[in-house]
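Residue-level listing of the chains:
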Amino acid sequence: MEFIELLSDRVFELPIKKETASISTTLKNKFNIYLELLRKLNKRDKYTKNIRDHIESINNLCKKLLLAHKSYIQGSPYKAYEHFSDGMSKLEAFLFFRIRERVKFPNSYSLYRVRESKEKYLSPEDIFHVPFEQRYKVSNQRYSINGFPCIYLGSSIYVCWEELNRPDFSELYVSKFNLVTTCPKILELTFSAKESQNFLERFKKNNDFHEWKLNGIVHKVILFPLIMSCSIVNRKSNRVFKEEYIIPQLLLEWVRNKNVINGIEYLSLSLPEYDLDQRLYKNYVFPAKNQKVRGHCNFLSSIFELTDPISWDFAKTLDATNKISDSNTKFDFNILKQKRSYTHTEFSEIERILDSFPLKKLEVT
C-alpha cells in the first residue's frame, strides 16, 4: 500500500461520532484497523519506513491509551496517568521534534477569545484566564481540569461562537490575542486526511518547506491514536462526567508535567458540519504555568498581547479600517449550504475591526 492510499481509509475520518458502542470498544476497533493498515504500507521511502519502523511503539501507545481509559473509569486516575505517560514515552520525541521545528516556518498567530457577559464593560483581565482566586469557576471540559485555569482561544471568531454553543450576539465580548514569542512551543494535534492527500498529490521534492510539511504528516500518522482519542464528539453537554474527555485531560496533565509545551492546538468538535477550511475551526489551550494565590499567570501574560475587549454590538457601530480585497479573501465559508467568502460574514468583519485596535500585554503583579 502506498502512503497516499493509506489516508483514504475511513479510519482517518475525524471527528469520531460515537454510536451505540462504548468509547473503549470504538477506540479498540479503530486502533486495530489502523494498525493493520500500517502493516500493509510499502517501505519504499524514508517516510513509510519511518512509520513501519515504529509500529511496535505505536501498538504500545494504543494499548496504553485503552488501559488509561479503563483505569480512569474504574476510579484510578493516578494509574490512568501512569499508563498514558508510559504509552507516550516511546513516541514523545515526535511531539518535541515538531514543536522545535515549527520555528523554521512559524505561523502568524492571530487568535481570538469570546466571552458571554451581561456587563456593560469588560477589562483585559476579565477576558484573560480565570483568576486563581476564582478557580472554583473552572469546570470540566475537553482540555480542562476542574479548578485549573487555562486560556482558551480560537483561530476565528466563528469557532469561538460555536464553542460557546451559539450564544446571543448581544451578550458577547470579543478580543484579539497575538503570540509575541518566536518559539510558541505549541503541540499541534490537528489532522485532516483529505488535506494531507491533497498535499501529497502536489508534493515537490527538494523544497525545504514541503519536506517539512510531509514529515509533519508522517508524524501525525504515527501519533494518530492520540489524535483520534482526543477527537470523540460529546453530544450530551449536560452530563457531569464525560468519557470523551478522559484522554484529552490526561494529555493536558502530561503537558503540564513535562513543562516543555506551552499550548495545544486542536480542531473544534462543536461544528454542525466540517466541510470548512481548517483555518476556521482551530482551538488552542494554554495552561497556566505560574500558580499563585491570586491574579493571573506571569508566564502567559509574557507571551501574549491582546486588545481591550469590545462588545459585539458596539463593534458593529465602528467602521473597519481594512477594506476587503482579493488578497484578503481567506477561504470559502460553507455553512448551512450557503457558500460564500468568510470575509463577507459578520464574524470576519468583527475580526477586521479588532485588527485596528492596539495590542498590549496584560500587566500582572
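Residues numbered from 1 in each chain as written. Predicted model: local features only at pLDDT ≥ 70, side-chain atom pairs only at ≥ 80, totals over all residues. Heavy atoms only, no water.

Asks: Which parts of the structure should I look at to understand the overall build of the protein?
Replies: Each helix and strand counted, the protein has 15 helices and ten strands in total. Expected size for 365 residues packed as a compact globule is a radius of gyration near 21 Å; at 21 Å, the protein falls within 12% of this value. Taking all contacts inside the protein whose residues are at least 6 apart in sequence as the whole, residues at least 24 apart take part in 77%. Summed over all atoms, the accessible surface of the protein reaches about 18000 Å², with 47% contributed by carbon and sulfur. (Helix = DSSP H or I, 4+ residues; strand = E, 2+ residues; numbered from the N terminus. Rg over C-alpha atoms; globule rule 2.2 N^0.38 Å. Contact = heavy atoms within 4.5 Å. Areas by Shrake-Rupley, 256 points an atom, 1.4 Å probe, with all protein chains shown as cover.)

Asks: It is not clear to me how the layout of surface pockets should be interpreted in this structure. Could you clarify?
Replies: A probe matching the size of a water molecule, rolled over the atoms, marks out where space remains unfilled. When its volume is computed, the second largest pocket comes out at roughly 1500 Å³. Considering the residues around the second largest pocket, the lining is formed by 46 residues, among which S139, Q141, Y152, E163 and L164 are closest to the centre. For the lining of the second largest pocket, the element with the highest residue contribution is strand β1 (residues 110–116), accounting for five residues. Taken together, the residues that form the lining of the second largest pocket break down as 22 nonpolar, twelve polar and twelve charged. (1 Å grid on protein atoms, 1.4 Å probe; cavity = no way out; pocket = protein on both sides within 12 Å on 5 of 7 lines; lining within 4 Å. Points joined across faces, edges and corners; volume = space filled by probe spheres on them. Nonpolar A, V, L, I, M, F, W, Y, C, P; charged D, E, K, R; others polar.)

Asks: I would appreciate a short explanation of the side chain of H210 in the present structure.
Replies: In this fold, H210 is placed in helix α10 (residues 208–222). The residues touching H210, leaving out its near neighbours within four places in the chain, are F199, F203 and K204.

Asks: Would you mind showing me how to read the nonpolar core here?
Replies: One recurring pattern in soluble globular proteins: nonpolar side chains tend to sit buried together. The biggest cluster of nonpolar side chains holds 64 residues, and the ones touching the most others in it are F84, L251 and W254. Not counting residues within four places of it along the chain, the set of residues in contact with L251 comprises F84, M88, Y143, L187, L189, L226, C230 and I264. By size, the runner-up hydrophobic cluster in this structure holds 22 residues, among which are Y112, V159, W312 and F347. (Core = buried A, V, L, I, M, F, W, Y, C linked by side-chain atoms within 4.5 Å. Buried < 20%, exposed > 50% of the residue type's maximum accessible area, 1.4 Å probe, protein only.)

Asks: Looking at this model, I keep getting lost on the pairing of strand β5 (residues 263–267). Mind explaining?
Replies: Each regular strand shows side chains that alternate between the opposite faces of the sheet. With respect to burial, β5 is a largely interior element, five of its five residues being buried. Burial along β5 is two-sided: G263, E265 and L267 and I264 and Y266, pointing in opposite directions, are all buried. Looking at chain direction, strand β4 (residues 186–188) and β5 are connected through three bridges and run parallel. When the sheet's bridge partners are listed, L187 is paired in β5 with I264. Where β5 and strand β6 (residues 282–287) come together, four bridges link them in antiparallel fashion. When the sheet's bridge partners are listed, Y266 is paired in β6 with N283. (Pairing = 2+ DSSP bridges.)

Asks: Help me understand the pattern of salt bridges, please; the structure alone is not making it clear to me.
Replies: Summed over all chains, the structure comprises 17 salt bridges. Where salt bridges share partners, they join K43, K49 and D53 into one cluster. (Salt bridge = Lys/Arg side-chain N within 4 Å of Asp/Glu carboxyl O.)

Asks: Explain a negative patch on the surface to me, please; I cannot follow it from the model alone.
Replies: A cluster of acidic side chains, namely E119, E125, D126 and E363, defines a negative patch on the protein surface. Relative to the helices and strands, E119 is located in the loop between β1 and α7 (124–127). E119 gets classed as exposed once you look at its relative accessible area, which sits at 52%. (Patch = residues over 30% accessible without salt bridge, like charges linked within 9 Å, V, L, I, M, F, W, Y side chains within 5 Å. Lys, Arg positive; Asp, Glu negative; His and termini not counted. Charge placed at Lys NZ, Arg CZ, Asp CG, Glu CD.)

Asks: Quick question: what am I supposed to make of α10 here?
Replies: Every α-helical turn comprises 3.6 residues, leaving residues that sit three or four positions apart pointing alike. The terminal C-alpha atoms of α10 lie 21 Å apart, and with 15 residues this matches the ideal 21 Å at 1.5 Å per residue to within 8%. Taken across its 15 residues, α10 has eleven buried, putting it largely inside the fold. Listed as buried for α10 are H210, E211, W212, L214, G216, I217, V218, H219, K220, V221 and I222. (Expected span 1.5 Å × (residues − 1).)

Asks: Help me understand the confidence of the model for the protein in this model?
Replies: Detailed reading of the predicted coordinates is not advisable wherever pLDDT falls low. Confidence along the protein averages 88 in pLDDT terms, with 90% of residues attaining 70 or more. Low confidence marks residues 325–329, where pLDDT is under 50. Its contacts with residues over four positions away, or in another chain, come to five contacts. (pLDDT = per-residue confidence, 0-100.)

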